[in-house]
Amino acid sequence: KAGVTQTPRYLIKTRGQQVTLSCSPISGHRSVSWYQQTPGQGLQFLFEYFSETQRNKGNFPGRFSGRQFSNSRSEMNVSTLELGDSALYLCASSFDPGQLYGYTFGSGTRLTVV
Amino acid sequence: EDKVVQSPLSLVVHEGDTVTLNCSYEVTNFRSLLWYKQEKKAPTFLFMLTSSGIEKKSGRLSSILDKKELFSILNITATQTGDSAIYLCAVEALAAGNKLTFGGGTRVLVKP
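Procedures and definitions
Residues numbered from 1 in each chain as written. Chains lettered and ligands numbered in written order. Predicted model: local features only at pLDDT ≥ 70, side-chain atom pairs only at ≥ 80, totals over all residues. Heavy atoms only, no water. Helix = DSSP H or I, 4+ residues; strand = E, 2+ residues; numbered from the N terminus. Rg over C-alpha atoms; globule rule 2.2 N^0.38 Å. Buried < 20%, exposed > 50% of the residue type's maximum accessible area, 1.4 Å probe, protein only. Areas by Shrake-Rupley, 256 points an atom, 1.4 Å probe, with all protein chains shown as cover. Lys, Arg positive; Asp, Glu negative; His and termini not counted. Charge placed at Lys NZ, Arg CZ, Asp CG, Glu CD. Pairing = 2+ DSSP bridges. Axes fitted to C-alpha atoms, helices over the stretch in contact; angles between N-to-C directions.

1. Let's talk about the overall build of chain A
Thought 1: Each helix and strand in chain A was counted, giving 0 helices and 11 strands.
Thought 2: The C-alpha radius of gyration computed for chain A amounts to 13 Å, which stays within 12% of the reference 13 Å derived for 114 residues, consistent with globular compactness.
Thought 3: Considered along the principal axes of its C-alpha atoms, chain A spans approximately 35 × 25 × 25 Å.
Thought 4: For chain A, with 114 residues in total, the buried portion stands at 51%.
Thought 5: A total of about 5,300 Å² of accessible surface is found on chain A, and carbon and sulfur atoms cover 48% of it.
Thought 6: Of the side chains in chain A, 11 bear a positive and 6 a negative charge, and the two mean positions are spaced by 5 Å.

2. Notes on the sheet that holds strand β3 (residues 19–26) of chain B
All names here are of chain B.
Thought 1: Ordered by their spatial adjacency, 5 strands build an open sheet running β1-β3-β8-β7-β6, and the pairing between neighbours is antiparallel. Each of the sheet's edge strands pairs with one partner strand only, and the pair in question is β1 (3–7) and β6 (56–58). With strand direction ignored, the average angle separating the axes of adjacent strands in the sheet is 15°.
Thought 2: In terms of strand pairing, β6 meets strand β7 (residues 61–66) through 3 bridges, oriented antiparallel. The residue of β7 that forms the bridge with K56 is S63.

3. A closer look at the sheet that holds strand β1 (residues 5–7) of chain A
Strand pairing within a sheet occurs via backbone hydrogen bonds; the two strands may be parallel or antiparallel.
Residues and elements named next belong to chain A.
Thought 1: Taken in spatial order, the 4 strands of this open sheet run β1-β3-β8-β7, and their pairing is antiparallel. Bordering the open sheet on either side are β1 and β7 (64–68), each of which pairs with just one other strand. Neighbour-to-neighbour, the strand axes of this sheet turn through a mean angle of 20°, independent of strand direction.
Thought 2: Strand direction decides the pairing type here: strand β3 (residues 19–24) and strand β8 (residues 74–78), joined by 5 bridges, are antiparallel. When the bridges of β8 are listed, L21 appears paired with M76.

Structure (C-alpha cells):
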C-alpha cells in the first residue's frame, strides 16, 4: 500500500513569504501529525489533526497553522517565514490518535528560507 | 515539560561490533517509549516499549525499558554498514494522542 506522501519534497522561499506543505496519509489513516526537524532542536511536535479537528498543538508561534480535509489529507502553513524556519517538515499518520503501532512517517519536505 | 535525552550523540564502530544506545526520559503520565531509525528522511519504526524489563527483539536489534530508572537501551549486535543511521527515541504520554517527544538522536556510523 502507498505510504505517507508529502509534497513538495524540496522548497526554497524568501524571508517574509508564506508556504503551504501537503501531507496525504496512508489510506484509512485518519490521524495526521506534523513535526519540524532541525539540527539544533531535533524533532519537535507541531500539531495533530483528527476528523478535521486539531487535537494537539506544540509550542510553536501562531505563524504555524494547519488543517485537515474530509479525506484526511492535511496541509500546514507557515506565514511570514523566518530563516529559523528552515527545516525538514515531517508528517506522520495512524488510524486513530494513540494508535502508535502503524504510526508511519512520510519522507518530509525540506524547506529552505533565504 | 516532557524531556528525552539520548546518549551518546554519535559513535563510529566497525562492522561486527556491538552498539548500545541510551535513552533517558522524564514524562508526566508515561504511556510508551518508541525507537525509530532515520536513514535519510522518514523515521522508520523499530520498537514500542510499555512494560519494564521485557526485552523486545528483532533480528540483531533489541531493546529494553526500565520504568523505575526512566531509561531504555537499544542494542545492535554484529553491526553492518546498513545500520548506519540516526536512532531516535521518543516517549508518549497518556492522553497525548500522537504527540511524541523526541530525543536528539544518536548518529551511528558503521565502517566496513
